[in-house]
Amino acid sequence: MSTKYIVVTGGVTSSLGKGIICASLGRLLIARGLRVTIQKLDPYINVDPGTMNPYEHGEVYVTDDGAETDLDLGHYERFLDVNTSQENNVTTGRIYYDVIMKERRGEFLGKTVQVIPHITDEIKSHVLRLGNSGDYDVVLVEVGGTVGDIESLPYIEAMRQLRYEVGRKNTLSIHLTLVPYLSAAGELKTKPTQHSVKTLSESGLSPDLLVCRSEYSLDQTIRKKIAQFCNVDLEDVTASLDADSIYEVPLLMQKEGLDERVIEKLGLPAKNADLKRWTEFVERIKYPQHEVNIALVGKYVEHHDAYKSIVEALIHGGAMNHTKVNIKWIQSDHLDYNNTADIIGDVSGILVAPGFGDRGIDGKFAAVRYARENDIPFFGICLGMQCAVIEYARNVAGLEDANSTEFDPETPYPVIDLMPEQVNIVEKGGTMRLGKYDCSLLEDSKAHEAYQSDLIDERHRHRYELNNELRDNLEKSGLKMTGLNPERDLVEIIEIEDHPWFVGVQFHPELKSTVSKPHPLFTNFIKHSLLKSDIEIPKAAKETT
Ligand code: GLN
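Before going into details, it helps to say that this report is about the structure given with it.

Criteria and thresholds
- Residues numbered from 1 in each chain as written.
- Predicted model: local features only at pLDDT ≥ 70, side-chain atom pairs only at ≥ 80, totals over all residues.
- Heavy atoms only, no water.
- Axes fitted to C-alpha atoms, helices over the stretch in contact; angles between N-to-C directions.
- Helix = DSSP H or I, 4+ residues; strand = E, 2+ residues; numbered from the N terminus.
- Parallel < 35°, antiparallel > 145°, perpendicular 65-115°, else oblique.
- Left-handed = near helix turned anticlockwise from the far one by under 90°.
- Contact = heavy atoms within 4.5 Å.
- Nonpolar A, V, L, I, M, F, W, Y, C, P; charged D, E, K, R; others polar.
- Phe/Tyr/Trp six-rings, centres within 6.5 Å; stacked < 30°, edge-to-face > 60°.
- Buried < 20%, exposed > 50% of the residue type's maximum accessible area, 1.4 Å probe, protein only.
- Lys NZ or Arg CZ within 6 Å of the ring centre and 35° of its normal.
- Core = buried A, V, L, I, M, F, W, Y, C linked by side-chain atoms within 4.5 Å.
- Near = heavy atom within 4 Å.
- Polar contact = N/O pair within 3.5 Å; in protein donor to acceptor, adjacent residues only side chain to side chain.
- Areas by Shrake-Rupley, 256 points an atom, 1.4 Å probe, with all protein chains shown as cover.
- Salt bridge = Lys/Arg side-chain N within 4 Å of Asp/Glu carboxyl O.

### As for the packing of helix H1 (residues 18-31) against helix H3 (residues 72-80)
Thinking step 1. At a closest axis distance of 9 Å, the pairing of H1 and H3 adopts a crossing angle of 25 degrees. By the angle between their axes, H1 is roughly parallel relative to H3. The hand of the H1/H3 crossing is right-handed. From H1, Gly19, Ile20, Cys22, Ala23, Ser24, Gly26, Arg27 and Ile30 reach across to H3, where they touch Asp72, His75, Tyr76, Phe79 and Leu80.
Thinking step 2. When the residues that make up the contact of H1 with H3 are grouped by side-chain class, the tally is 7 nonpolar, 4 polar and 2 charged.

Next comes the structure, spelled out in structure tokens:
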């Protein structure tokens, strides 16, 4: 069977949740026994989102191969449980960069280099590379941005050409649109959808299927109207209503028959969907037996998307414990040691988030100290782990003014320091320690208890590390180094023994938590937070250790 390509565009407005719809359709097709991947085409000029501020772009999602990518790839991995790579995220910046490099090498043989055909060819070649790998039956291509945007045009044109080249029977165009409700008129309105389909059709990419986001259900009359004016069959108008949890979306889309229509139109050999485990997971989220309050301490907390994967991993860890996790978002620069009890006194677990730069850093030290002194389960991720090391150095190991050289280059005790290979790096894009690295675990540790393994691998994104020259001082005063990179002896996990659950990790475990495999550190963090809140541990949680 030749690979099928499903192109997903969005209309009317941004933020319709195209990534979730793609991930949901991907999950439904996988549940039917197909091999699926998703590729995101992003129409901005940055080569990747790695250099963007979290306020601009939300979280930067890192893949095993060390690509810094769009946060939608996190949804793809969480829903599909397949690994993505650099190939799964293409930006206009990368396309132009590659085309310009080819031009410099003289590969265009004296031709004038133009958007059409050179840029569109480059876009197609990225899509086809995934399709031709032989690894997938279906490649879902999510075109970022909104139809009608100037910067999306080369992508739409490339997808039009792709349909022509690989054959219409091998491709499908799905358009996600909005059907807004006007309360003054008391009606759902189809006109924005009609316009956006018209714009898309003018570019030669008429949709075969519509997914209509709406706050209210679409009755037959409105579906007929949309079908008639958008030139699709009635059953090709599907509705996507707001859901309480993103994890319900695949089930809702299945009810709407989206996967059925896709399979029929593409002639895919598909079995009946097996969504048993997925449904069980959704049930756990919808009907929790417990609740637990967790403080998430960070500097971008007004912008929850900056911590997308952490939030989802907490939900996964909660589900494993039949527990709803209430996140208390704490702006780190509002915290100091004296007000910690007032601000986070009601939580049963404290997570100090990753980050860069010194804004709010003292608040993070305060949160760590509060967790350490009050036996509150603590989970430090990347910068959060580094803060835990610094706090321990200062207040337990007696290394006065210990710090990271990121915040104080002159500190007498640089317990966190720039990695040697980073010293001469001046370029910012793609130059951190990125992607998957091994980590061996000490047997008698909380980490080992969670992972139940001697050797793991996790994804990284940082320039600084625990300074091995000061490791002895920290170890002597009781900080345990429980995870080490075997090749370079870098400290990847720290713990405090005499504490119910105090774990700091240099890597980003949140990036590998999926619905099928909730991350064991998050599961155990929630489990111990439940214990702290005096809730009897549910049976399922006991089974996870
Ligand atoms: N700023 C720290 C470093 O570069 C931590 C990075 C992070 O939290 N991702 O090492």
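Continuing now.
### A look at the packing of aromatic side chains
Thinking step 1. Considering all chains together, one arrives at 13 aromatic pairs under this definition.
Thinking step 2. When the centroid spacing of 5.7 Å and the interplanar angle of 35 degrees are considered together, the rings of Trp501 and Phe525 count as tilted. Remark: Phe525 occurs in helix H18 (residues 520-532) and Trp501 occurs in the loop between strand E22 (491-496) and strand E23 (502-505); sequence separation between them is 24 residues.
Thinking step 3. Given the relative accessible area of 0%, Trp501 is considered buried.
Thinking step 4. You can call Phe525 buried: its relative accessible area is 0%.
Thinking step 5. Three or more aromatic residues link up through ring pairs in this structure, and these residues are Tyr55, Tyr300, Tyr307 and Trp329.
Thinking step 6. Between the NZ or CZ atom of Arg369 and the centre of the ring of Tyr337, over which it lies, the distance is 3.9 Å.

### Some words on the nonpolar core
Thinking step 1. If you look at the biggest cluster of nonpolar residues, it comprises 43 residues, and the most contacted ones within it are Ile6, Leu25, Leu29, Ile174, Val262 and Trp278.
Thinking step 2. The element contributing the most residues to this core is H1, with 8 residues.
Thinking step 3. Those residues within four positions of Leu25 in sequence are excluded, and the remaining contacts are Ile6, Leu140, Ile174, Leu258, Asp259 and Val262.
Thinking step 4. One finds Ile344, Ile376, Val389 and Ile416 within the second-largest nonpolar core, a separate group that totals 40 residues.

### Points about the site of the ligand
Thinking step 1. In the vicinity of the ligand, the contacting residues are Pro354, Gly355, Phe356, Cys382, Leu383, Gln386, Glu406, Arg461, His462, Arg463, Tyr464 and His508.
Thinking step 2. Contact between the ligand and Gln386: an oxygen atom at 3.1 Å from a side-chain N or O atom of the residue.
Thinking step 3. Here an oxygen atom of the ligand sits 3.0 Å away from a polar atom, N or O, in the main chain of Arg463.
Thinking step 4. Contact with the protein chains covers 99% of the free accessible surface of the ligand, which is 300 Å².
Thinking step 5. Among the secondary structure elements, those contributing two or more residues to the shell around the ligand are helix H15 (383-395) and strand E19 (455-462).
Thinking step 6. Of the residues that constitute the shell around the ligand, the class distribution is 5 nonpolar, 4 polar and 3 charged.

### Considerations on the pattern of salt bridges
Thinking step 1. Per the counting criterion, the structure on display carries 38 salt bridges.
Thinking step 2. Ionic pairing is found between Arg461 and Glu68, a salt bridge with its closest N-O pair at 2.6 Å. Here Glu68 lies in strand E4 (residues 68-69) and Arg461 lies in strand E19, a separation of 393 residues in the sequence.
Thinking step 3. With a relative accessible area of 11%, Arg461 lands in the buried category.
Thinking step 4. Of the residues examined, Glu68 reaches a relative accessible area of 3% and is grouped as buried.

Keep in mind that these numbers describe shape and distance, not what the molecule does.
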